[in-house]
Amino acid sequence: MLKKALASVLSEKESEDLISAFDQIGDIIIVRIPDTLLPKKKIIGETLLNEVKIARSVYYQASDVEGDFRTRNLEILAGEDNTETEYKEFGCKFIVDVEKAFFSPRLSTERERIANLIQEGEIVTNMFAGVGMFSIMAAKKKKCTVYSLDINPVASKLCEKNIELNKLAGKVISINGDASKIIKEQLENKSDRTLMLLPERSDEFLESAISTTKNGGTIHYYSHIHADKKSEAGKLSEAHYLQVTPVKSEILSSKIVRAVGPRYYQTVVDVKISK
Ligand SMILES: C[S@@+](CC[C@H](N)C(=O)[O-])C[C@H]1O[C@@H](n2cnc3c(N)ncnc32)[C@H](O)[C@@H]1O
């Protein structure tokens, strides 16, 4: 239907590329547009707004996800200019701000995987928690306590709102600041499970992750890895982890989370540490 609507504006190949490159988050659509199609961006925005029934705003993603807060610049193409929206995933509700705090709908399978792994009664440190997506899903699904850390004040505020919205006060605790500093000051040897979802900087924060994790606890170590063969990406990230870790570690599993470029993957290695 969308392809048909775009047919008056774009060629078939152009509309196929465009459709595979847009995200719908609540009532917001975010579209990446190749440079060759930029002169048509307004009409693309208006067509998407008219055709996607529940869309309220259409934004063009004008930069990559960047900086310490992992945020992106958005430019309004059509509809209301308001980057905050409500998003639902696996029975949880979230207020997200698609410009001021990191959010990706493309991590939902990984969020579900982690929530399933958590055992009743666990304490979890989510070092780079954003608006609390992993933390809230985990605490909604399992009886556990999650420390949800983020350096971006907007992300931490939204995480607080989301804790309230999902009635998880006391089960998810939002703390704003640098994860290393917070761990050093209040969370050493606290967690049964630690999440490191800042794949670009995992090596830099590995010591802090080890420091917050109890002896025998699990770390989910995310990283970005080049692999000529997709089937080798998991094993390559295991080898990288084993090379950089200062502690005895048992690899539990590894996998690709998503492709992030040509022959470039975001991976996760689950490890049990001894210290
Ligand atoms: C890739 S996002 C992941 C967010 C979240 N886990 C999710 O999946 O929605 C990385 C997050 O790390 C936060 N961050 C960056 N440096 C940090 C630091 N030193 N301490 C705590 N959080 C940090 C950013 O603000 C961003 O929200």
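What you are looking at is a predicted structure, and each value in this text was computed from that prediction instead of being measured. (Residues numbered from 1 in each chain as written. Predicted model: local features only at pLDDT ≥ 70, side-chain atom pairs only at ≥ 80, totals over all residues. Heavy atoms only, no water.)

### Side note on the environment of N50
Part 1 of the argument: Mapped onto the secondary structure, N50 falls in helix α3 (residues 41-51).
Part 2 of the argument: Of the residues examined, N50 reaches a relative accessible area of 54% and is grouped as exposed.
Part 3 of the argument: When the C-alpha atoms of N50 and A5 are compared, they prove to be 9.1 Å apart, with 45 residues separating the residues in sequence. (Helix = DSSP H or I, 4+ residues; strand = E, 2+ residues; numbered from the N terminus. Buried < 20%, exposed > 50% of the residue type's maximum accessible area, 1.4 Å probe, protein only.)

### Describing helix α4 (residues 108-117)
One turn of an α-helix holds 3.6 residues; hence residues three or four places apart share an orientation.
Part 1 of the argument: Among all positions of α4, only S108, E110, R111, R113, I114 and A115 are buried.
Part 2 of the argument: Those residues of α4 that are buried are in contact with β5 (84-89), α5 (133-141), β10 (191-196), β11 (213-226), β12 (248-261) and β13 (264-274). (Contact = heavy atoms within 4.5 Å.)

### Quick word on the sheet that holds strand β3 (residues 57-61)
Part 1 of the argument: Judged by pairing direction, the sheet is mixed, and its 4 strands sit side by side in the order β1-β2-β3-β4 without closing on themselves. Every interior strand has two partners, whereas the edge strands, β1 (22-25) and β4 (74-79), have only one. Taken over all neighbouring pairs, the strand axes of this sheet differ in orientation by 25° on average, direction set aside.
Part 2 of the argument: Two elements, strand β2 (residues 28-31) and β3, share 4 bridges in a ladder whose sense is parallel. Among the inter-strand pairings, I29 is bridged to a residue of β3, identified as V58.
Part 3 of the argument: Packed onto the sheet, α3 meets β1, β2, β3 and β4 and runs at close to 55° relative to β4. (Pairing = 2+ DSSP bridges. Axes fitted to C-alpha atoms, helices over the stretch in contact; angles between N-to-C directions.)

### Let's talk about the UniProt feature "domain: SAM-dependent methyltransferase TRM5/TYW2-type" (unreviewed entry) in the protein chain
Part 1 of the argument: The feature "domain: SAM-dependent methyltransferase TRM5/TYW2-type" (unreviewed entry), as annotated in UniProt, sits at residues 22-275 in this numbering.
Part 2 of the argument: Between the end C-alpha atoms of residues 22-275 the distance is 44 Å, and the span holds 29% helix and 36% strand. (UniProt positions renumbered as here; feature names shortened; annotations may be inferred.)

### A few points about the site of the ligand
Part 1 of the argument: Taken together, 22 residues lie near the ligand, and D68, F128, D150, D178 and A179 sit nearest.
Part 2 of the argument: Bound to the protein, the ligand loses 98% of the 600 Å² it would expose on its own.
Part 3 of the argument: Counted by class, the shell around the ligand contains 13 nonpolar, 3 polar and 6 charged residues.
Part 4 of the argument: When residues are assigned to domains, the shell around the ligand turns out to be shared by domain 1 (2-82) and domain 2 (101-274), each giving three or more. (Near = heavy atom within 4 Å. Areas by Shrake-Rupley, 256 points an atom, 1.4 Å probe, with all protein chains shown as cover. Nonpolar A, V, L, I, M, F, W, Y, C, P; charged D, E, K, R; others polar. Domains from an automatic or database assignment.)

### Focus on α3
Part 1 of the argument: Within the sequence span of α3, burial applies to I44, G45, T47 and L48. Along the long axis of α3, the arc covered by the buried residues comes to 165°, so they all point the same way. (Arc of directions from axis to C-beta.)

### Looking at the sheet that holds strand β8 (residues 145-150)
Part 1 of the argument: The 7 strands are arranged β9-β8-β7-β10-β11-β13-β12 in an open sheet whose pairing can be described as mixed. Each of the sheet's edge strands pairs with one partner strand only, and the pair in question is β9 (172-176) and β12. In this sheet, neighbouring strand axes are inclined to one another by 15° on average, regardless of whether the strands run parallel or antiparallel.
Part 2 of the argument: Pairing of β8 with β9, which is carried by 5 bridges, proceeds in the parallel orientation. Within β9, the position partnered with V146 by the bridge is V172.
Part 3 of the argument: Packing of helix α8 (residues 202-212) onto the sheet brings it into contact with β7 (123-126), β10, β11 and β13, and relative to β11 it is tilted by some 165°.

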